[in-house]
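Topology and contacts: notes
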Amino acid sequence: MFFTVINRSWAGIASLTLSLLLVGCGGGGSSDDVSTSSSATSESIVLNGGAIKGIISDGDVTAWTLDKNADTGRFEIGSALGDSVTTDKQGRFQLPIKRKASGWILVELRANGATRMTCDVVPSCFTGTSSAVAFGETFPLNDHFRLRGAVNLSDTREVYLTP
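Here we look at the overall build of the protein chain
- Counting its regular elements, the protein chain contains one helix and twelve strands.
- When the helices and strands of the protein chain are read in sequence order from the N terminus, they spell out α-β-β-β-β-β-β-β-β-β-β-β-β.
- Taken across its 163 residues, the protein chain has 30% of its residues classed as buried.
- A separation threshold of at least 6 residues defines the contact pool for the protein chain, and within that pool the share at least 24 residues apart is 70%.
- Summing over all exposed atoms, the protein chain offers an accessible surface of approximately 10200 Å²; the carbon and sulfur share of this is 56%.

Structural notes on the pairing of strand β4 (residues 75–80)
- Both strand β3 (residues 60–68) and β4 contribute to a ladder of four bridges, which runs antiparallel. In the sheet register, Lys68 faces β4, and the bridge partner there is Phe75.
- Hairpin geometry of β3 and β4 is characterised by an intervening segment of six residues between the two adjacent antiparallel strands and by a positive phi of about 80 degrees at Gly73.

Re unusual backbone geometry
- In this model, Val122 is joined to Pro123 through a cis peptide bond whose omega is 5 degrees.
- As for its placement among the helices and strands, Pro123 is situated in the loop between β7 (116–118) and β8 (124–126).
- At Asp58, a position not held by glycine, the phi torsion is positive, near 60 degrees.
- Mapping Asp58 onto the fold places it in the loop between β2 (56–57) and β3.

Regarding the nonpolar core
- Formed by 27 residues in total, the largest nonpolar core has its most connected members in Leu47, Ile56, Phe93, Leu95, Ile105, Val107 and Leu109.
- A per-element tally of this core places strand β6 (residues 92–110) first, with six residues.

Things to note about the sheet that holds β2
- One open sheet accounts for three strands, arranged β2-β7-β10; its pairing is antiparallel. If you trace the sheet from one side to the other, it starts and ends with β2 and β10 (138–140), each paired once.

What to know about the state of the cysteines
- Taken as a whole, this structure holds one disulfide when the rule is applied.
- A disulfide bridge connects Cys119 with Cys125, and the sulfur atoms are separated by 2.2 Å. The sign of the S-S torsion, about 95 degrees, decides the handedness of the disulfide formed by Cys119 and Cys125: right-handed. There is no split in this pair, since Cys119 and Cys125 are both buried.

Some points on the environment of Asp67
- Mapped onto the fold, Asp67 is located in strand β3.
- Residue class for Asp67 comes out partly exposed when judged on its relative accessible area of 38%.
- In contact with Asp67, not counting residues within four places along its chain, are Arg74, Phe75, Glu76, Gly78 and Ser79.

As for the pattern of salt bridges
- By the definition in use, this model includes six salt bridges.
- Two residues, Asp120 and Lys53, come together in a salt bridge whose shortest N-O distance is 3.1 Å. With Asp120 in the loop between β7 and β8 and Lys53 in the loop between β1 (34–51) and β2, this pair connects stretches of sequence that are 67 residues apart.
- Residue Asp120 is classed as partly exposed on the basis of its relative accessible area of 39%.
- In this structure Lys53 comes out as partly exposed when scored by relative accessible area, which is 30%.
- Ionic pairing is found between Arg148 and Glu108, a salt bridge with its closest N-O pair at 2.7 Å. Highlighted residues: Arg148 in strand β11 (residues 146–152) and Glu108 in strand β6, separated in sequence by 40 residues.
- Residue Arg148 is classed as partly exposed on the basis of its relative accessible area of 45%.

Cut-off values and rules
- Residues numbered from 1 in each chain as written.
- Predicted model: local features only at pLDDT ≥ 70, side-chain atom pairs only at ≥ 80, totals over all residues.
- Heavy atoms only, no water.
- Helix = DSSP H or I, 4+ residues; strand = E, 2+ residues; numbered from the N terminus.
- Buried < 20%, exposed > 50% of the residue type's maximum accessible area, 1.4 Å probe, protein only.
- Contact = heavy atoms within 4.5 Å.
- Areas by Shrake-Rupley, 256 points an atom, 1.4 Å probe, with all protein chains shown as cover.
- Pairing = 2+ DSSP bridges.
- Core = buried A, V, L, I, M, F, W, Y, C linked by side-chain atoms within 4.5 Å.
- Disulfide = S-S within 2.5 Å.
- Salt bridge = Lys/Arg side-chain N within 4 Å of Asp/Glu carboxyl O.

Here is the structure:
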C-alpha cells in the first residue's frame, strides 16, 4: 500500500512536470507561412513574455519577421515588427507588434550596457572573469549576449526567452 501511494505520487509529479514543460515550449504548429503587411495598423497586438536564464533585466526585446528563403527552404530574419522594448526588473516585457503579422515570428533579446542577469545557480555563477557571482546576485551581460525564441502568433500571444 505504501509503495503504491509513492508510485502514484511520483507518477503525478512526472505528469505535472511534463505538462509544464510542454506548455513552456509554446506548443506545436506546422504552419510555414508568415504573412505581414508593411503598413502600420491600429490593430496592433501585444506579445507578453519574459527573459529568464536567471532573470534578465533592462534587455532590449524586438520582434522580427521570419522569411522563408526560396533557394534554401530555411527561414531567415526579416524586418522588425515594431520598436524594441526593455525588460523590467523581473525580466518581463510587453512587446507591441505594430504591423499586421500572423504565423511564426522571431523574438530576440539583446543585451546593452545596462542589462543585468540574476545568478540562478547554487552556489555561484561563473561569468567569464576571475571572480564568481553568488546565487541571487546580479551581474552585467556583454553586448554580444542574445536570447531568441520563435512564436506562432496564430497560437499564442506569449513567449518566454530561455536558453
